Amino acid sequence: MALWGPSPRGYSMALCTPADRANLAGVRHIVLVLSGKGGVGKSTLSTELALALRHAGKRVGILDVDLCGPSIPRMLRVQDSAVHQCDSGWVPVFVGQDKAIALMSIGFLLERPDDAVVWRGPKKNALIKQFVTDVAWGELDFLIVDTPPGTSDEHISTVEALRPHQLLGAVLVTTPQAVSVGDVRRELTFCRKAGLHILGIVENMSGFVCPHCSECTNIFSKGGGEELAKHAGVPFLGCVPLDPQLSQSLEEGRDFIQEFPKSSAFPALTHIAQQILDTSQRSS
Amino acid sequence: MAEAPGAPEECPGTGSAQAGRAAACQGCPNQGLCAAGAAGPDPAEAAELRARLRAVRHTVLVLSGKGGVGKSTFSALLAHGLAADETKQVALLDIDLCGPSIPKIMGLEGEQVHQSGSGWSPVYVEENLGVMSVGFLLSSPDDAVIWRGPKKNGLIKQFLRDVDWGEVDYLIVDTPPGTSDEHLSIVQYLSASRIDGAVIVTTPQEVSLQDVRKEINFCRKVKLPIIGVVENMSGFVCPKCKNESQIFPPTTGGAEKMCQNLSVSLLGKVPLDPQIGKSCDSGQSFLAEAPESPATLSYRKIIQRIQEYCEQHHLQEEKIM
Ligand SMILES: Nc1ncnc2c1ncn2[C@@H]1O[C@H](COP(=O)(O)OP(=O)(O)OP(=O)(O)O)[C@@H](O)[C@H]1O
Ligand SMILES: Nc1ncnc2c1ncn2[C@@H]1O[C@H](COP(=O)(O)OP(=O)(O)O)[C@@H](O)[C@H]1O
Ligand SMILES: [Mg+2]
Ligand SMILES: [Mg+2]
Ligand SMILES: [Zn+2]
Ligand SMILES: [Zn+2]
């Protein structure tokens, strides 16, 4: 195929070990983070969920299938790392203080960080399959899967590849305004058609409390996520406010859950993680 | 077969696995496009597209590597701004097939396209402002377009070939985030006519800029001129105490620094304004609803710069021809 993209550092993808079902065999629960809309906080939620579950004593991994816009390596400050190859496949990058969160992202395969991944569907699909079959995840309680916006190649391929495994379900992220909720409605249809269990909807960026005068402004309006959850008959997992400490912390790749327990987004994020934990305990 | 204008004699052909990679491709003006898989359409298709798009004077793509940064908002306001001149005919094409926001933002939700003898007719907001979106082809707000690449590409081609756009001064194209099928296809199909350039939208934080740099590299690879960058959601002024907060902090210098480093122009900055989101949700033009707001003034300046760029671009092309 006449498509170019990143040249994987140091090895050819064709040399990777063939599909080894064992690679996800040690993963107990897989959670997809989805949204029809871009920039609503999928990667943010994926990152904070992973950190919160880790702090709750769980073994956690993150699979980033946003191939054109991978954000997780930067959000966890490992953007300069590379993945290695071993007998059982690609070794993910381990992040966090105790190096306990396993992460796989296309960001680790790019020669230069600004390289654009200009791939049409088939090439994206092939890499996603490899991410599912060829990464040595080891024993994990949770694998969080961060996705790009939409209902297209990456989504179809990810769900197809993960279906035989321990898919707990999908968390849908939206911001409160109608323009975003409209896209998430379509994502719900995708989940239903794909037979994906919906763990619930998160409303992100709802309300901003001015740090100077404590006035709350609904920059992206308010309530759209909760309304959608009601309308669709799925659980509402909570509202995460617009919190400059959260965006700053992600810019610097810090551990928000550990460092900012007093911030406005903290209780909402940990509450969401708790609900995922509860669901997983009920399912196993 | 030399399919593309100016292609070398031993051109492997745009459909070949060697497209853009064969020895003969070295120095070919289309090498970047071919290698990206965005090789021009076959000659018959190209002729059809060219015929259809002949009456389009200026084309502007609105792009971003990052989602939710305000591409659709900007596309809509750019279209409104340009159409304020009643002598200009403006077309707004939405190629975000999985997340079409334009119908809602333009106040056209629930509209359907009509088929006429000369093709699909766009939905008109004003006499001089026509809109096309996959949203007009769906029967319910819950309908999802769950398509892989080839089907998306087919529909984008139809939007260009089968829509009766008529005489158009400005064609504005709103895109999904990323550098994938939709982007390659629109550049490929429009290569049959002419693209003035791309406007790239970003927010100030590094998480967004890192994706936008990729988009700029994409533009360079496919030889798409960059008109400039718009920094959106730069700062929020509290309506009560008037203090400014950086909700999306420019930790690496924001769009300004990126533009300097990459030698592209910064067209302007637009602040966070809750009224923008409300206007989008109610399908009204924010420029008309809040004509004196700082965000409107900033949008107007940016629109004017784009207009000037296009006029300039056009003059240069006429000189060459
Ligand atoms: N300067 C601003 N201030 C406040 N709200 C804004 C501003 N710019 C855009 N918005 C709002 O932000 C939301 C996202 O904008 P928009 O839908 O245009 O983004 P997009 O880049 O097209 O997203 P996608 O990648 O999903 O297509 C919209 O609700 C819009 O009204
Ligand atoms: N609740 C929040 N408060 C403040 N900033 C947020 C919040 N949620 C997300 N952000 C910021 O918004 C931007 C977009 O989020 P991101 O997770 O990259 O979205 P997506 O993955 O859906 O494209 C990031 O810079 C992130 O730091
Ligand atoms: Mg993301
Ligand atoms: Mg959009
Ligand atoms: Zn060629
Ligand atoms: Zn205030």
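Residues numbered from 1 in each chain as written. Chains lettered and ligands numbered in written order. Predicted model: local features only at pLDDT ≥ 70, side-chain atom pairs only at ≥ 80, totals over all residues. Heavy atoms only, no water.

- Going by what an unreviewed UniProt entry lists, chain B is known as NUBP iron-sulfur cluster assembly factor 1, cytosolic and is assigned to Geospiza parvula.
- Of chain B, the UniProt comment under Sequence similarities (unreviewed entry) reads exactly: "Belongs to the Mrp/NBP35 ATP-binding proteins family. NUBP1/NBP35 subfamily."
- For the record of chain B, the UniProt heading Subunit (unreviewed entry) holds the text "Heterotetramer of 2 NUBP1 and 2 NUBP2 chains." (UniProt positions renumbered as here; feature names shortened; annotations may be inferred.)

- In the annotation of an unreviewed UniProt entry, the entry for chain A reads NUBP iron-sulfur cluster assembly factor 2, cytosolic, and the organism field reads Geospiza parvula.
- Quoted straight from UniProt, the Sequence similarities (unreviewed entry) entry for chain A says "Belongs to the Mrp/NBP35 ATP-binding proteins family. NUBP2/CFD1 subfamily."
- UniProt, in the comment section headed Function (unreviewed entry), describes chain A in these words: "Component of the cytosolic iron-sulfur (Fe/S) protein assembly (CIA) machinery. Required for maturation of extramitochondrial Fe-S proteins. The NUBP1-NUBP2 heterotetramer forms a Fe-S scaffold complex, mediating the de novo assembly of an Fe-S cluster and its transfer to target apoproteins. Negatively regulates cilium formation and structure."

A few points about the UniProt feature "domain: AAA+ ATPase" (unreviewed entry) in chain B
Okay, step 1: Within this numbering scheme, the UniProt entry marks residues 57–228 of chain B as carrying the feature "domain: AAA+ ATPase" (unreviewed entry).
Okay, step 2: Between the end C-alpha atoms of residues 57–228 of chain B there is a gap of 19 Å, over a span that is 33% helix and 25% strand. (Helix = DSSP H or I, 4+ residues; strand = E, 2+ residues; numbered from the N terminus.)

Some points on the packing of aromatic side chains
Okay, step 1: In the structure shown here, the tally under the stated rule is 6 aromatic pairs over all chains.
Okay, step 2: Ring centres of A:W90 and A:F131 lie 5.9 Å apart, and the angle between their planes is 65 degrees; this geometry places the pair in the edge-to-face category. Pair noted here: A:W90 is in strand β4 (residues 89–91) and A:F131 is in helix α4 (residues 121–133), with a separation of 41 residues, a long-range link.
Okay, step 3: By relative accessible area, which is 0% here, A:F131 ends up buried.
Okay, step 4: Taken together, the ring pairs in this structure connect B:F74, B:F286 and B:Y299 into an aromatic cluster. (Phe/Tyr/Trp six-rings, centres within 6.5 Å; stacked < 30°, edge-to-face > 60°. Buried < 20%, exposed > 50% of the residue type's maximum accessible area, 1.4 Å probe, protein only.)

Topic: helix α8 (residues 244–251) of chain A
Okay, step 1: Taken together, the buried positions of α8(A) are occupied by A:L246, A:S247, A:S249, A:L250 and A:E251.
Okay, step 2: In the core, the buried residues of α8(A) are packed alongside α2 (42–55), α3 (72–75), α9 (256–259) and α10 (266–283) of chain A together with α7 (206–221) of chain B.
Okay, step 3: With a side-chain oxygen lying 2.8 Å from the backbone nitrogen of A:Q245, the N-terminal cap of α8(A) falls on A:D243. (Contact = heavy atoms within 4.5 Å. Polar contact = N/O pair within 3.5 Å; in protein donor to acceptor, adjacent residues only side chain to side chain.)

Structural notes on the layout of surface pockets
Okay, step 1: Considered as a void within the structure, the second largest pocket measures approximately 530 Å³ in volume.
Okay, step 2: In this structure, the second largest pocket is lined by 27 residues; those nearest its centre are A:R185, A:R186, B:K104, B:E109 and B:P141.
Okay, step 3: Here the element with the most residues in the lining of the second largest pocket is helix α6 (residues 178–193) of chain A; it accounts for 6 residues. (1 Å grid on protein atoms, 1.4 Å probe; cavity = no way out; pocket = protein on both sides within 12 Å on 5 of 7 lines; lining within 4 Å. Points joined across faces, edges and corners; volume = space filled by probe spheres on them.)

Things to note about the UniProt feature "binding site: [4Fe-4S] cluster" (unreviewed entry) in chain A
Okay, step 1: The positions UniProt marks with the feature "binding site: [4Fe-4S] cluster" (unreviewed entry) are A:C210 and A:C213.
Okay, step 2: Along the chain, A:C210 falls in the loop between β9 (198–209) and β10 (216–217).
Okay, step 3: Ignoring sequence-local partners within four residues, the contact set of A:C210 consists of A:E215, B:C238 and B:C241.
Okay, step 4: Tracing the chain through its elements places A:C213 in the loop between β9 and β10.
Okay, step 5: Look at A:C213 and you get partly exposed, because its relative accessible area is 24%.
Okay, step 6: Ignoring any residue separated from it by four or fewer positions in sequence, one finds A:C213 in contact with B:C238, B:K240 and B:C241.

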